[in-house]
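Geometric and topological summary
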Amino acid sequence: GIAAVCRIFDIAHEDTIVFGDSNNDLSMFEFAQTKIAMGNAAPGIKELADYVTSDIFHYGIRNGLEHLELIWENIRFNDEILRGVFKWTKFTENP
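The rules we used
- Residues numbered from 1 in each chain as written.
- Predicted model: local features only at pLDDT ≥ 70, side-chain atom pairs only at ≥ 80, totals over all residues.
- Heavy atoms only, no water.
- Pairing = 2+ DSSP bridges.
- Helix = DSSP H or I, 4+ residues; strand = E, 2+ residues; numbered from the N terminus.
- Contact = heavy atoms within 4.5 Å.
- Axes fitted to C-alpha atoms, helices over the stretch in contact; angles between N-to-C directions.
- Buried < 20%, exposed > 50% of the residue type's maximum accessible area, 1.4 Å probe, protein only.

A look at the sheet that holds strand 3 (residues 51-52)
Note on sheets: strands pair through backbone hydrogen bonds, and any given pair is parallel or antiparallel. Spatial strand order, 1-2-3: three strands in an open sheet with parallel pairing. Only two strands of the sheet have a single neighbouring strand rather than two, namely strand 1 (17-20) and strand 3. Helix 4 (residues 60-67) rests against strand 1, strand 2 (34-37) and strand 3 of the sheet, and its axis sits at about 150° to strand 1.

Here it is as structure tokens:
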């Protein structure tokens, strides 16, 4: 599962983030440091979540990533709008 992927790629537990919506995501929610429930998630998933975002049809993943400040919308750079710019704090300086 997720623990094996973290070991293989040397990802620290405190850097784990999961999104889920149903009871089959419970083991993932029990492992991860940061848990985001989709808006249409089962009540048990929402109770375990650190944040509840909108459902998948209303950009729930994007909204959750924005909440965590991992992406930003409408960033102006050289007079162009860049959409969904990722913040790679592990690899680069903060913007």
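From this point, things continue past the structure.
Some details on unusual backbone geometry
Of note in this structure, D10 is not a glycine but carries a positive phi near 55°. For D10, the location among the structural elements is in the loop between helix 1 (2-9) and strand 1. D10 sits in the exposed class, given a relative accessible area of 65%. Despite not being glycine, E69 has its phi angle at roughly 60°, a positive value. In this fold, E69 is placed in the loop between helix 4 and strand 4 (71-72).

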